[in-house]
Every structure is written in structure tokens, then in C-alpha cells.
Amino acid sequence: MKLGAAIRRHTAAIRAMLVFTVILGIAYPLLVTGIAQLAFKDKANGSLIKNAQGQVVASSLLCQQYVDKSGDALPQYFQARPSDATNSANSSDPGCNYSYSAGSNLGTDSATLKSTIEGRIASYAKAYNVDPTKVPEDAVTASASGMDPGISVQNADDQAASVAKARGVDLATVQKLVKNNTTGRSLGFLGEQYVNVVTLNLALDKTHPVATAQS
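Residues numbered from 1 in each chain as written. Predicted model: local features only at pLDDT ≥ 70, side-chain atom pairs only at ≥ 80, totals over all residues. Heavy atoms only, no water.

**Examining the environment of Lys165**
The condition that has to hold: Numbering goes from the N terminus for both helices and strands, where a helix is a DSSP run of H or I of at least four residues and a strand is a run of E of at least two. Each residue is assigned to one of three classes by its accessible area relative to the maximum for its type, calculated with a 1.4 Å probe on protein chains only: buried under 20%, partly exposed between the two thresholds, exposed over 50%.
Looking at where Lys165 falls in the secondary structure, it is placed in helix α4 (residues 153–167). Looking at Lys165, the relative accessible area reads 73%, which means it is exposed. Sequence spacing of Lys165 and Asn90 is 75 residues, and the spatial spacing of their C-alpha atoms is 32 Å.

See the structure below:
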């Protein structure tokens, strides 16, 4: 009798496991995926961006670094914020490497972090003719993920003149594109406005391409 009761209990447990596996492991994921594909297809598939030829060239959710082979910033592009998402085995990795998404993990009392930020401030101030005391915070600090595609409006405004000069277009044209690629606060009051560097640079390449443009 005891053996029969144990078998029945195990049989019931196995049946329950199979039923919930089908419901929660197969049916529910398929339902959620179906709803996402119908209602939010672009976001569900990674917010991918295609060029004029229909080729996927980026995701609006992931940053890219616009530098040359030496790691120097390309003046015809807006620059993303610094990124610590790098392959430590590759000293030339400029960041925004999704395979190594992470922050630096350096604390506020780190001498290395202090030195790094001071260097970034000096470089930014020189590149965009900005008072070192007015350099935007996001221009010298990396995000926690290292994959943030957004920069502050001030950061974009500081870079606009340099980009316009490099592309040979008037500043007002570049500023209009900056505005078109600016996202407002969530619900009108949460967070801050930001400019998506990836979509902005793609818009620049589409409307005002330069022969030497490369990313």
C-alpha cells in the first residue's frame, strides 16, 4: 500500500511538472513573443537600424565609438561618452564592445579614476574649445554598462561646431539634426533629455556624407 501511494504521488508530481512545463515553458513564452512581435516588433528585435541598402548597421540602444585605427576621435562624428566595455586583452579596443559590457568598477577615491577623468576633461576642453570647468559630466565618465548611446544636450551642443566644420555644413543644419535626435524626459518629468549619438551620426552620413567618413 505504501509503495502504491508513493508511486501515485510521484506520478501526480511528474504530471504537474509536465503540465506547468508546457504552460510556462512553451505556451507562455510563445504568447509573450507573439504579442511583442505584433505590438512592439522593432523594440522586441533589438531596435535595429538599417542603411539605405537594407543592411543592419547598428542598434539605437547600443553605443558606437567613432574613432580611427589609432583610436583618435573622427571630427566629422559626434562622440559617444567614454566606455569601459572593452576587451582588456586588446589595448586598441575603443569601447562600446557589447561582449564586454561593464563599468570600470573604480571607486570615487580611486587615483586612477581621478587621473583618467582629468585627462578626459583636458582633451574635451581642447577639442571643442570649452572651459574645463564647464565640461559636461557625461563627456568624461562612462556609464555602468559601457553601452549608453546617449549624451547630454550640452555635450552635443559643445561638439556641434566641430562636426559642422569637419563636414563643411553650416552649424544651424547640424543643430537641427541634434534636435531631431533628442529624446525628451520620460512622461515629461522623469530623467533628463538626451541625444542619441548613433542615430544622429547615421542621419549626418545620410544627409551630409563626407568622403572620408568611417566608423
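**Details of the packing of aromatic side chains**
The cut-off we apply is this: Here a pair means two rings of Phe, Tyr or Trp (six-membered ring of Trp) with centres within 6.5 Å. Their orientation is stacked below 30 degrees between planes, edge-to-face above 60, and tilted elsewhere. Note on geometry: a ring has a charge over it if NZ (lysine) or CZ (arginine) is within 6 Å of the ring centre and within 35 degrees of the ring normal.
Counting across every chain of the model gives 2 aromatic pairs. Geometrically, the ring pair formed by Tyr66 and Tyr77 is stacked, given 5.0 Å between the ring centres and 25° between the ring planes. Taken together, the positions of Tyr66 in the loop between β2 (56–59) and α3 (111–128) and Tyr77 in the loop between β2 and α3 put the pair 11 residues apart, joining distant regions of the chain. A residue is classified by how much of its surface remains accessible, and Tyr77, at 3% relative accessible area, is buried. Across the ring face of Tyr77, the terminal group of Arg167 is positioned such that the distance to the ring centre comes to 5.0 Å.

**So, the layout of surface pockets**
To keep things clear, this is the line we draw: Both site types are read off a 1 Å grid over the protein atoms alone. A 1.4 Å probe that fits but cannot get out defines a cavity, while an open set with protein on both sides within 12 Å along at least five of seven lines defines a pocket; lining residues have an atom within 4 Å of a point. Grid points are joined across faces, edges and corners, and a volume is the space filled by probe spheres set on the points. Three categories are distinguished: nonpolar for Ala, Val, Leu, Ile, Met, Phe, Trp, Tyr, Cys and Pro, charged for Asp, Glu, Lys and Arg, and polar for the others, with Gly belonging to the last.
Counted as a void, the largest pocket has a volume near 620 Å³. Taken together, 25 residues make up the lining of the largest pocket; nearest its centre are Gln65, Gly71, Ala73, Gln79 and Pro82. Only α3 and α4 provide two or more residues apiece to the lining of the largest pocket. For the lining of the largest pocket, the class distribution of residues is 9 nonpolar, 12 polar and 4 charged.

**A look at the nonpolar core**
Under the convention used in this document: Joining through side-chain atoms within 4.5 Å is the link that ties buried Ala, Val, Leu, Ile, Met, Phe, Trp, Tyr and Cys residues into a set, and such a set is a nonpolar core. Two residues qualify as a contact provided that any one of their heavy atoms is within 4.5 Å of a heavy atom in the partner residue.
The biggest cluster of nonpolar side chains holds 21 residues, and the ones touching the most others in it are Phe78, Ala156, Val174, Val178, Val195, Leu200 and Leu204. Mapped by element, the contributors of at least two residues to this core are α4, α5 (171–180) and α6 (197–207). Of the residues forming this core, the biggest block, 5 residues, is contributed by α6. Leave out the neighbours within four places in its chain, and Val195 touches Pro149, Gly150, Ile151, Ser152, Val153, Ala156, Val178, Asn181, Thr182 and Leu200. Tyr124, Val130, Ala139 and Val140 belong to the second largest nonpolar core, which has 7 residues in total.

**Some points on unusual backbone geometry**
Phi at Cys96 takes a positive value of approximately 60°, unusual for a residue other than glycine. Mapping Cys96 onto the fold places it in the loop between β2 and α3. With a phi close to 65°, Asn105 is a non-glycine residue in the positive phi region. In this structure, Asn105 sits in the loop between β2 and α3. We classify Asn105 as exposed; its relative accessible area is 76%.

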